[in-house]
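# Topology and contacts: notes
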Amino acid sequence: MSEPERPAAPNASDAAGRPKIGVDEWVASAEERHERSRGLGGLVSRGWEGSPAEAKLIVFVALASTLPFWMNEGELFSYGLYTLLYALLALGLNIVVGFAGLLDLGYVAFYGFGAYGYALFSSNHYGLHWQAEASIPLIVLGTAAVGLILGLASRRLLGDYLAIVTLFFAQAFVAFVNNSNPKVAGEGLTGGPNGIPGVDPLNFFGFKLHSTKQYYFFLLIVFSLAAVGLYFLNNSRTGRAWRALREDPLAAEAMSIPVNRLKILAFMFGAGTAGLTGTIFAAIQTGVVAGNFDVALLITIYAIVILGGLGSIAGVLFGAIVINVSTQFLAPSNDHPELKRWLFYGAILLIAAKIRPWSRTAAVFVGTAAFGFVVHAIASGISSDWTNGTVVDAGSAASAIRNWVIVPSGHTGFQTWAYIVLVAAIVVTSQLKGWWRMAALIPTLYWVAVVWENVLVQQSAVTALILFGVLLIALMQARPQGLLGTARVEIV
Amino acid sequence: MKKLSIVAMLGVLAVLATAATGASSATNALQAPTGSAGLANALVTCGTTRTIGIAYPATGPAASIGQQQFRWAQFFQTRWNKAHPKDKVKFVQGDTKLPDTAAALAVAHQFASNSSILGLVGPAGSQEVQDTVAVFKSAGLAVVSGSATRVLLTRSVGGDQRETPAGYFFRTVPNDGQQGDRVASYIASKLKKKRVYIIDDQESYSQGLADQVESNLKAKSGYTVGRDHVAQTVSDFSSVITRIPSNTQIVYIPWQLPPKAQLFYTQLRAAGKTATVFGSDGTFAPGTFTGAGSYVSAFPVDFNSKEIKAYRAAHGGQDEAFGLPTYSAAIVNAMAIMKACKNGTASRAEVRTNVKNIKVPKAASLLGFPVQFLSKNKGKQQGPGDMGGTADFAIFKIGAGGKYTRVG
Amino acid sequence: MHLPLLNIIDTVRQLGWGGAFELLRNGIVLGSVYALIALGYTMVYGILKLLNFAHGDIYMVGAFLGYGVLSILGGPLAPTIAMVPLILLMFLGGMLGSGVLGVVVERFAYRPLRNAPRIAPLISALGVSFFLANSALLLTHGERFNYAMYQLGGDPNTGLPGPLNQPAFSVAGRPVTVVQVLVVSTSIALMIALTLLVSRTRLGKAMRATSYDREAASMMGIDTDRVIASTFFIGSVLAGAAGVMFGLYIGETYYLMGFLAGLKAFTAAVVGGIGSIPGAMVGGLLIGVTEAYAAGYVGGQWSDVAVFGILILFMLLRPSGLFGAKTIQKV
């Protein structure tokens, strides 16, 4: 009888991929943390961690209040107002996901509930024009009640099963609001795909908010109040109980923490915050439409919460700033194409400048430039229509770019295969090592420029989203615990 | 001590807020948050290239039709710039991500604050127009949309008020009411079929048309009108088709996406049902919707015109009709700006007045009728901002091989 | 005052047995497509505890690749080779391309986050989804492509169905077309192949071991990196096959199709019990059939709400899904 075949020894995988057996990551990274706290970056982070919470809040409010004085109205609206709106929304999600550790994929339904609720009470739809101080508390309480109902469902469901039921709930909400639109009191309740137009602006005791600046300050106040409230909540007994629930639900239950009640409480607080944000949003947009509450928004809010670090209130704000500012900056309606171009090239240069030693970096840059000129010469030699296309939105640098990058005109399939070749080139370059990698990097860098000029700049709206996706991937790899989250050891 | 400092800070904030808000005069419920009021009358130096904002859904579920609109606008730009080298136009794009109107609102505010923008093409969706027209109004820009077809935008209907302020909304496409009337009368008088089944795709455009045709037909005697809905994301229509009664003579599908109409047609035939399919201008796409024996209501496009042939050649032999009104909207803006810039400077208010009085000849508009806007109510469906003159829909029949022939 | 329940009963009676069979048929066909995508979800979840939100977009790429192969070979109305090798090539192109893409995605977006908290790869997956979907939008300019399989092999001028859409057999007077049989049988064949792979081969054993306990499996000499890459490859191959099948059956490819299908497949995987392979299969069929019957009997306005309502009730009654493993919670 032959011996059972021995399994082959596994190939050594990357250090990053190897499971850390028996290593406490926090202890192991003590050296790294010590290193990081030196220098300017260390000074900033130590200053940040050392200062009291009120100081951070006051500094933030002071800085935020200066925005209307140097931004024009459109920028204030898209960079300032929307950031605060998303930050407020993300605060609520932070309670459910960050504080209590419940994966709630139906969060935007509460946002929608608040918005539609306000629209029903303060618009031309049913002719009710309740003032905000009457309708908003009612809506917030109503949304919290819906959160209570959903929380009841969470008693039986754990983890990903809770996630899917909450997702169903959100999709049922959108389907109900957009398609079902039952007739109540003579009118379709939710207006179908047209939604409810003509919603009143916020009207507090007769004072109506109607300019972007007013809404911005109002949101700033609301956000600060919410942040303060949540800060106190987090440091209270309930907050500690939530943290225990998040880290280990079974142990928490064993320590006689009322787990079910806490879950429902988390849902209620989250729903209430979302409802409040919804009412403000409906007033800003002076209308409500089912398409405002789609899964894309859920993804954005989740990205904000996770990027900022789960459970951290300041982190939520930073996450909102990073995500919203980058999205709005990249959007084509932000009409600074030349700025975007230089930023893009600058980012590529920065990434390439990470090659050490400096001699290699210089070699790569010189090589790329030379490669470009050579390719350009060959292409224009083959046929002039390879290089006589128009460079879009280039301004002053148009001729310089035109002489280096090939910009064909009339070759219809070029965009598609150039893009695919670029993706393949990046994949291949990252797999090679040493001199081969340097050699592959040169044409890849040149091709990045070619694809930018020919494909990406032509469709700036789509490019914005592609770059956003790449940003998410890169940010998660750079800092998986989020900007202000703490590196946790997960005991599996 | 902690709580005291927070209270103090909030007090400061409250004072700041009241100080920064300044005088609040408007009490109009429709007024959205604004601040770029000064730009409405500001004079902008024209130069040789003028800026038009174009708001369209470049990404999101409506990207297939939004990008079509932009392609037509780009086509217009190339031809116009060649023909008018001293009055060139360039576009600033705004991605409105239909049906999420929050993006459209941000685009509206950014366009409003961009002092170089003199004219506006879009937004594409009726819901978007509803929510952004107040912002545009306060900045002095007029919405010139190629696809916002809801009747309520220009005309009060029943108990509902007109949704846009006069002089700030124009559309280069006849509205749902006109199209619905045309279709219903054709079905009743020419096709003479009485068993109709209407399926809408749960979007604003589709529901408006479906409601109009349904109410028109039901008002006549002897008509059996069934109604159903299907989501725009659905590609498998088998369940919906199962529900259609087998003796139905006409299935009216006022959808926005021609490929869906084609899928529906093939699946309907595969299921053995013989009803005639009747589409709307959203499904008007020779080359894509080729179901033989079907009808489509659309603008009376002349497929042999120079421009349409050039567009077809530049796009792989495919005709795309959804973006045609956007082409017309772009012409309207370009001509209005050119007129306002005769003296070297222009303001948005001037451009707006020119848009209101514009007259684009039939050959230039590509829609089969000249473009001019009403300033008063007309008939039962039209109001100020709608297309006046002879603008109306035509009925096409699709023959063997996918050929479109005008029949009504 | 409308009484929706009476309407449903009326519709059921009106549609009769034939209609009931048609709806069942529709549900099974689409459900098999969902099941294939759900399998990829569930396999990756079983091994990495990762919800791979980019999986739906891999399905979309598979559909586009199938369309690409079809265009290169002459297009649906004038194919240059016979039907059977054409379809085989489409499947091959779609499946291989998707498989490779899945492995590349794993290498770049998930492997560096292997030891990060569970929620970090989730965002990375969303980033990949954004990237893939919008790259497709960039390259296709948002156009909707039609496989036009209805006429494939037939005469485009007559408008009559080609061989794919001829009835293969009939039940209760309603036809079941060739393409529907093709989709369901290919699905079943692939699922059987997968089950055999997981239960009979060495790789399958390694996959099961890695999903139980990754550290222990690595200590036992299993190359976990390679096993994980293989899992992604197999899951993506199945998704690619599903994409080509959807193209053959319905015909439409659009850059957002992956998003919606991914959501449905995710639903199917969880409803069937996430991490369980038979669960994904049954879950997919369940979702497909529920949708078909809701759309058929309840109709337009309330069908979506009805589907979600039924699913919520189902999950409340069976909180860990159909085949969900009863995990013993260790303290």
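As a reminder, the structure under discussion sits directly above these lines.
Bear in mind the structure is a predicted one, so any value in this text is a computation, not a measurement. Per chain, residues are indexed from 1 in the order of the written sequence. For naming, the first written chain is A and the first written ligand is 1, with later ones following in the order written. Totals for whole chains, interfaces and linings use all residues, but because this is a predicted model, local features are given only for residues with pLDDT of at least 70 and pairs of side-chain atoms are given and counted only at 80 or more. Side-chain numbers here rest on the full set of heavy atoms in the structure, without hydrogens or water.

## Concerning the packing of helix 5 (residues 73-99) of chain A against helix 10 (residues 237-247) of chain A
Residue and element names in this part refer to chain A. In this description, a line fitted to the C-alpha atoms serves as the axis of each element, helices being fitted only across the stretch in contact, and the angle between N-to-C directions of two axes falls anywhere from 0 to 180 degrees. Elements are defined by DSSP. Helices are runs of H or I of four residues or more, strands are runs of E of two residues or more, and each kind is numbered from the N terminus. Relative orientation of the contacting elements helix 5 and helix 10 amounts to 55°, with a least axis distance of 9 Å. Viewed along their axes, helix 5 and helix 10 adopt a mutual orientation that is oblique. Together, Ile 95, Val 97, Gly 98 and Phe 99 of helix 5 and Trp 242, Arg 243 and Arg 246 of helix 10 make up the contact between the two elements. Our angle categories are set so that under 35 degrees counts as roughly parallel, over 145 as roughly antiparallel, 65 to 115 as roughly perpendicular, and the remainder as oblique. Residue contacts are defined here by distance: any two heavy atoms, one from each residue, within 4.5 Å place the two residues in contact.

## Focus: the interface of chain A and chain C
Taken together, the contact pairs 66 residues of chain A with 61 residues of chain C. Buried area between chain A and chain C, both sides added, is near 5,800 Å², and the carbon and sulfur share of it is 71%. When the area that chain A buries against chain C is broken down by residue, the three leading residues are Asp 160, Tyr 161 and Phe 168 of chain A, summing to 12%. Salt bridges are identified by distance alone: a Lys or Arg side-chain nitrogen within 4 Å of an Asp or Glu carboxyl oxygen. Inspection of the region where chain A meets chain C yields 0 salt bridges. What qualifies as a polar contact is a pair of N or O atoms within 3.5 Å, subject to a donor-acceptor requirement within protein and to the restriction that residues adjacent in sequence count only when both atoms come from side chains. Across the chain A-chain C interface, the total number found is 8 residue pairs in polar contact (both at pLDDT 80 or more). Listing elements by their share of the side of chain A that touches chain C, those giving two or more residues are helix 8 (159-180), helix 13 (295-308), helix 18 (414-431), helix 19 (434-456) and helix 20 (460-478) of chain A. Here the quantity called buried area is the accessible surface, traced with a 1.4 Å probe, that two parts lose on coming together, added over both.

## With respect to the sheet that holds strand 14 (residues 404-406) of chain B
Strands belonging to one sheet form pairs held by backbone hydrogen bonds; the direction of such a pair is parallel or antiparallel. All names here are of chain B. Taken together, 7 strands build an open sheet; the order of strands is 8-7-9-10-11-13-14 and the sheet is mixed. Sheet topology places strand 8 (224-229) and strand 14 at the edges, where each strand pairs with a single neighbour. For this sheet, the mean inter-axis angle between neighbouring strands, taken without regard to orientation, is 25°. With 3 bridges connecting them, strand 13 (residues 394-398) and strand 14 associate as antiparallel partners. Residue Lys 397 lies in a different strand from strand 14, and its bridge partner there is Thr 405. Strands are treated as partners if at least two bridges between them are detected by DSSP.

## Comments concerning the pattern of salt bridges
What the rule picks out here adds up to 20 salt bridges over all chains. Note that Arg 182 of chain B and Asp 392 of chain B form a salt bridge whose closest N and O atoms lie 3.8 Å from each other. With Arg 182 of chain B in helix 5 (residues 176-191) and Asp 392 of chain B in the loop between helix 12 (362-365) and strand 13, this pair connects stretches of sequence that are 210 residues apart. Here's how the labels work: a residue is buried when its accessible area is under 20% of the maximum for its type, exposed when over 50%, partly exposed in between, all with a 1.4 Å probe on protein chains only. Judged by relative accessible area, which is 29%, Asp 392 of chain B ranks as partly exposed. The closest approach of N and O atoms between Lys 264 of chain C and Glu 291 of chain C, which form a salt bridge, is 3.3 Å. One end of the pair, Lys 264 of chain C, is in helix 9 (residues 257-271); the other, Glu 291 of chain C, is in helix 10 (residues 277-298), with 27 residues separating them in the sequence. Taken together, the shared-partner salt bridges in this structure form one network comprising Asp 200, Asp 211, Glu 214, Lys 218 and Arg 227 of chain B.

## Quick look at the nonpolar core
Working definition of a nonpolar core: buried Ala, Val, Leu, Ile, Met, Phe, Trp, Tyr and Cys residues. They are joined through side-chain atoms within 4.5 Å. Judged by nonpolar contacts, the single largest core of 339 residues is most densely connected at Ile 199 and Phe 264 of chain B. Top contributing element to this core by residue count: helix 5 of chain A, with 18 residues. In this view, Ile 199 of chain B contacts Asp 228, His 229, Val 230, Val 240, Ile 244, Val 251, Tyr 252, Ile 253, Pro 254, Trp 255 and Phe 264 of chain B; residues no more than four positions away in its chain are not counted. In terms of nonpolar packing, the next biggest core, distinct from the first, is built from 20 residues, Tyr 186, Ile 187, Val 225 and Ile 395 of chain B among them.

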